[in-house]
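Structure at a glance
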Amino acid sequence: MAMTPATQHQPSTPEVPGLHRERRRLHTKLKLATQIGQGIDGYIIGGIGMAMAALTTDLHLSTFMQGLVGASPLIGIFIGGPLFGRLADRFGRRPVFLVDMLIFLIGSVLQFFVTDGTQLFLIRLLMGVAIGGEYAIGAPLLSEYAPRQGRGRLLASLEISWYVGYALATVVGALFADVDGGWRWSLASSAVIAVVCVALRGGIPESARWLLSRGRREEAEALIEKYGIEVDIDAELDESQAPAREGFRALFSRRHLRSTVFASVFWAALVLPYFAIGTFWTQVFEALNMGDNAVAALLVYSFTAVAGVTAGCLVVDRIGRRRLLIPPFWITAGALALVALWPTSTPVIVCGFLFFIFLNAASSALTAIYPLEVFPTSLRTTGVGFATAMSRVGAAIGTFLLPMGLDRFGAEFVLLIGAGVLALGGLVSQFLAPETTDMDLARAARKARGA
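Residues numbered from 1 in each chain as written. Predicted model: local features only at pLDDT ≥ 70, side-chain atom pairs only at ≥ 80, totals over all residues. Heavy atoms only, no water.

In the annotation of an unreviewed UniProt entry, the protein chain is listed under the name MFS transporter and assigned to Streptomyces chartreusis. The UniProt entry for the protein chain carries the following comment under Subcellular location (unreviewed entry): "Cell membrane". (UniProt positions renumbered as here; feature names shortened; annotations may be inferred.)

As structure tokens, then:
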């Protein structure tokens with residue numbers, strides 16, 4: 001019986017070499033399988049920015065269809081996050097973890113053969129469903145095996161993978177930019193990453209915390225003993241026995257509503273400006289009369305984001321969750337507002353966007369942490385899936401409307417809207433964001449709901 005981990009958060013057996021090897025092998029495999037999954041999410045979304053101009057010409061896309069193609073993965077996430085999240089809470093983490101990567105693989109290959117905008121929209125919509133599934137299951141599964149101390153940095157590293165994938169897609173797109181039909185190769189190249197990830201995900205065991213939440217204590221304790229997992233068993237069992245409504249309805253009960261609102265709003269406010277501006281970066285720069293520098297600026301945009309999320313990963317367990325989230329919201333809102341108010345000043349545009357990109361990316365490390373910590377195990381992937389969906393609703397709307405907003409109202413208006421969204425995120429986080437650094441997952445969920 002693995003009771004010592006429940007009370008002392010440490011393995012009940014000595015640190016023998018066999019146990020250490022088993023735990024390290026599992027952690028390494030799970031971390032790689034999850035990080036690559038996050039990386040392919042960023043790769044799929046980032047690749048469209050560099051390919052958009054060429055595929056618009058080849059497929060004769062209208063402005064309306066450009067918006068649909070750009071927003072299609074985000075719309076798919078709205079479906080996939082809640083769907084896969086609910087499936088993972090009901091049937092287990094392990095099977096869902098593998099199925100959604102197979103969808104990535106199929107969709108990646110199909111992109112190469114599209115002949116019109118509608119086909120590309122539908123395929124990328126399907127891939128968005130898989131991205132939603134990845135958000136709902138990948139990070140939660142990793143968090144349920146992660147040690148209490150250092151969990152934030154480990155989970156934040158997933159966001160580094162996302163931004164690296166986004167930046168890599170930009171580089172690959174630039175390499176194929178002068179090739180006839182090169183956008184097909186750049187979009188389909190995500191299949192290579194998906195194959196590697198499918199191979200890694202075989203053999204990963206079920207989550208011990210999920211087994212506890214389903215009353216399968218003996219199976220859970222066997223895994224806890226085998227891998228030396230830090231689990232507060234008593235807290236997990238208390239959560240699993242607490243009265244709760246089934247499925248999505250539980251998210252809106254008095255017990256969990258605070259967590260649902262916080263996770264959804266802060267995530268949406270972070271990603272809406274980033275996705276909208278990043279997808280149509282060339283058009284934004286042209287509207288600011290800097291179109292000659294758009295490609296170089298997109299590369300700077302991508303790699304500044306990598307630097308930002310890396311910085312966030314390094315400090316998240318040192319300065320705490322709230323300090324990494326709330327001040328950057330206000331600073332980035334101010335940065336976009338300054339660019340909107342002085343759109344002819346090159347120094348203001350460059351500095352404003354760099355501040356926005358770096359700090360927005362640093363805070364986005366928390367999107368792989370906070371949603372997992374504010375929901376209990378029995379509702380974790382359902383809650384994360386729903387928060388993912390809500391975040392992408394805003395991002396999809398922003399991405400869809402941005403090109404039309406630029407045409408009708410100009411870049412200044414679009415940037416002011418982005419600043420307002422960031423300010424809203426700061427306000428909501430000020431009142432609802434809990435400090436959960438170094439807390440056991442079950443206890444963090446209690447604090448998030450004010451218990």
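Additional details are given in the paragraphs that follow.
1. What about the overall build of the protein chain?
Scanning the protein chain for helices and strands turns up 20 helices and 0 strands. Buried residues in the protein chain amount to 61% of all 451 residues. Nonlocal contacts in the protein chain, meaning residues at least 24 apart in sequence, comprise 84% of its contacts between residues at least 6 apart. (Helix = DSSP H or I, 4+ residues; strand = E, 2+ residues; numbered from the N terminus. Buried < 20%, exposed > 50% of the residue type's maximum accessible area, 1.4 Å probe, protein only. Contact = heavy atoms within 4.5 Å.)

2. Quick notes on the confidence of the model for the protein chain
Chain-level statistics for the protein chain give a pLDDT mean of 82 and a share of 86% at 70 or above. For residues 1-14, every residue scores under 50 in pLDDT, and the model assigns this stretch 37 contacts once sequence neighbours within four places are set aside. (pLDDT = per-residue confidence, 0-100.)

3. Things to note about the nonpolar core
Ranked by size, the top nonpolar core spans 120 residues in total, and within it Leu55, Phe266, Leu325, Phe353 and Phe356 carry the most contacts. Top element by residues in this core is helix H5 (residues 117-145). It accounts for 13 residues. Summarising the domain contributions, this core has at least three residues from each of domain 1 (20-204) and domain 2 (248-450). (Core = buried A, V, L, I, M, F, W, Y, C linked by side-chain atoms within 4.5 Å. Domains from an automatic or database assignment.)

4. So, the environment of Lys31
Considering the arrangement of structural elements, one finds Lys31 in helix H2 (residues 17-59). Using a relative accessible area of 32% as the deciding quantity, one classes Lys31 as partly exposed. Expressed as a C-alpha distance, the spacing of Lys31 and Ser157, which sit 126 residues apart in the sequence, is 9.3 Å.

5. Topic: the environment of Leu424
As for its placement among the helices and strands, Leu424 is situated in helix H19 (residues 411-432). Each C-alpha atom, one on Leu424 and one on Ala269, is 7.2 Å from the other, the two residues being 155 residues apart in sequence.

6. Quick word on a nonpolar patch on the surface
The grouping of Phe78, Ile79, Leu83, Leu87 and Phe91 at the surface amounts to a nonpolar patch, some 450 Å² of accessible area in total. Mapped onto the elements of the fold, Ile79 is located in helix H3 (residues 63-91). (Patch = residues over 30% accessible without salt bridge, like charges linked within 9 Å, V, L, I, M, F, W, Y side chains within 5 Å. Areas by Shrake-Rupley, 256 points an atom, 1.4 Å probe, with all protein chains shown as cover. Salt bridge = Lys/Arg side-chain N within 4 Å of Asp/Glu carboxyl O.)

7. Details of helix H10 (residues 217-227)
Looking only at H10, the buried set comprises Ala220, Glu221, Leu223, Ile224 and Tyr227. Axial view of H10: buried residues confined to an arc of 160 degrees, hence all on one face. (Arc of directions from axis to C-beta.)

8. Some words on the packing of aromatic side chains
In the structure shown here, the tally under the stated rule is 9 aromatic pairs. Taken together, a centroid distance of 5.3 Å and an interplanar angle of 25 degrees make the contact between Trp162 and Tyr166 stacked. In this pair, Trp162 and Tyr166 are both assigned in helix H6 (residues 151-175), 4 residues apart and thus about one turn of the helix distant. The buried category is assigned to Trp162, whose relative accessible area is 4%. (Phe/Tyr/Trp six-rings, centres within 6.5 Å; stacked < 30°, edge-to-face > 60°.)

9. What about the packing of helix H15 (residues 321-341) against helix H16 (residues 346-364)?
Where H15 meets H16, the axes come as close as 8 Å, and the angle between the chain directions of the two elements is 155 degrees. Here H15 lies roughly antiparallel to H16, going by the angle between them. The crossing of H15 and H16 is left-handed. Taking contact as the criterion, the partners of Leu324, Leu325, Pro328, Ile331, Thr332, Ala335, Leu336, Leu338 and Val339 in H15 are, on H16, Val348, Ile349, Gly352, Phe353, Phe355, Phe356, Leu359, Asn360, Ala362 and Ser363. Considered class by class, the residues forming the contact of H15 with H16 number 15 nonpolar, 4 polar and no charged. (Axes fitted to C-alpha atoms, helices over the stretch in contact; angles between N-to-C directions. Parallel < 35°, antiparallel > 145°, perpendicular 65-115°, else oblique. Left-handed = near helix turned anticlockwise from the far one by under 90°. Nonpolar A, V, L, I, M, F, W, Y, C, P; charged D, E, K, R; others polar.)

10. Overview of the side chain of Asp41
Tracing the chain through its elements places Asp41 in helix H2. A relative accessible area of 0% places Asp41 in the buried class. Not counting residues up to four positions away in its chain, the partners in contact with Asp41 are Phe104, Ile131, Glu134, Tyr135 and Trp162.

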